[in-house]
Amino acid sequence: MIAPSAAGPRVSVAMITYHHEEFIAEALDSVLAQIVDFDYEIVVADDCSSDATPTIVAEYARRYPEIIVPILNETNVGANRNLVQVLDRCRGDYVALLDGDDLWNDPHKMRRQADLLDADPGCAVVFCPVWVTRPGEPTHVWFPPRRRSEY
């Protein structure tokens, strides 16, 4: 892990969370496990969860103060405003979205996607298929509808 420099991080991971006590640690760990050679930050906003989510986020921010930027709302602001708060605090050249109940299962994801964006200045967005896992249901892979190789 490399902490953000004074010039700012290359990537900001924007994470919103609400009642994700069961998932938030794994989501944060999946970002912290990224193998990169650049600075990054995780800006995570909890929308006044009544479970242990804010406590878990605060503990991660205490352990990784150079990487994790917590926003712990004391009133519920709603998903849209929560996301706007996160995006307003992101300082990276690139922004990666990851919800508090999701995770990255590839430790090279952030580096590969940043490298793709660097290599093609005309490219504004990169994405990948996702594995959808729900209790009691089989895991399946989801691809964006009408996907193309370039947009």
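Residues numbered from 1 in each chain as written. Predicted model: local features only at pLDDT ≥ 70, side-chain atom pairs only at ≥ 80, totals over all residues. Heavy atoms only, no water.

*Asks:* Just give me the short version of the sheet that holds strand S2 (residues 40-46), but keep the residues and values in it.
*Replies:* Here 4 strands make up an open sheet; going across it, the order is S3-S2-S1-S4 and the pairing parallel. Looking at strand neighbours, the two that pair on one side only are strand S3 (68-72) and strand S4 (94-97), the edges of this open sheet. On average, adjacent strands in this sheet sit at an angle of 20° to one another, irrespective of strand direction. Relative to strand S1 (residues 11-17), helix H3 (residues 79-89) is tilted by about 160°, and along the sheet it contacts S1, S2, S3 and S4. (Pairing = 2+ DSSP bridges. Helix = DSSP H or I, 4+ residues; strand = E, 2+ residues; numbered from the N terminus. Axes fitted to C-alpha atoms, helices over the stretch in contact; angles between N-to-C directions. Contact = heavy atoms within 4.5 Å.)

*Asks:* Summarise helix H2 (residues 53-63); cite the residues concerned and give the values.
*Replies:* Here H2 has its buried residues at Thr 53, Pro 54, Val 57, Tyr 60 and Ala 61. For H2, the angular spread of the buried residues around the axis is 125°, confining them to a single face. Within H2, the exposed residues directed more than 90 degrees away from the buried face are Thr 55 and Arg 62. Structurally, H2 contributes buried residues whose contacts are with S1, helix H1 (24-32), S2 and S3. (Buried < 20%, exposed > 50% of the residue type's maximum accessible area, 1.4 Å probe, protein only. Arc of directions from axis to C-beta.)

*Asks:* Tell me about the pattern of salt bridges, and please be specific about residues and values.
*Replies:* Should the charged atoms of two oppositely charged side chains come close, the side chains can pair. Taken as a whole and assessed by the stated rule, the structure comprises 6 salt bridges. Its salt-bridge partner being Arg 91, residue Glu 41 comes within 3.2 Å of it at the nearest N-O pair. Linking Glu 41 in strand S2 with Arg 91 in the loop between H3 and S4, this pair joins segments that are 50 residues apart in sequence. Under the relative-accessibility criterion, Glu 41 is labelled buried at 1%. For Glu 59, the salt bridge identified is with Arg 62, shortest N-O distance 2.6 Å. Residue Glu 59 and its partner Arg 62 are located together in helix H2, separated by 3 residues, close to a single helical turn. (Salt bridge = Lys/Arg side-chain N within 4 Å of Asp/Glu carboxyl O.)

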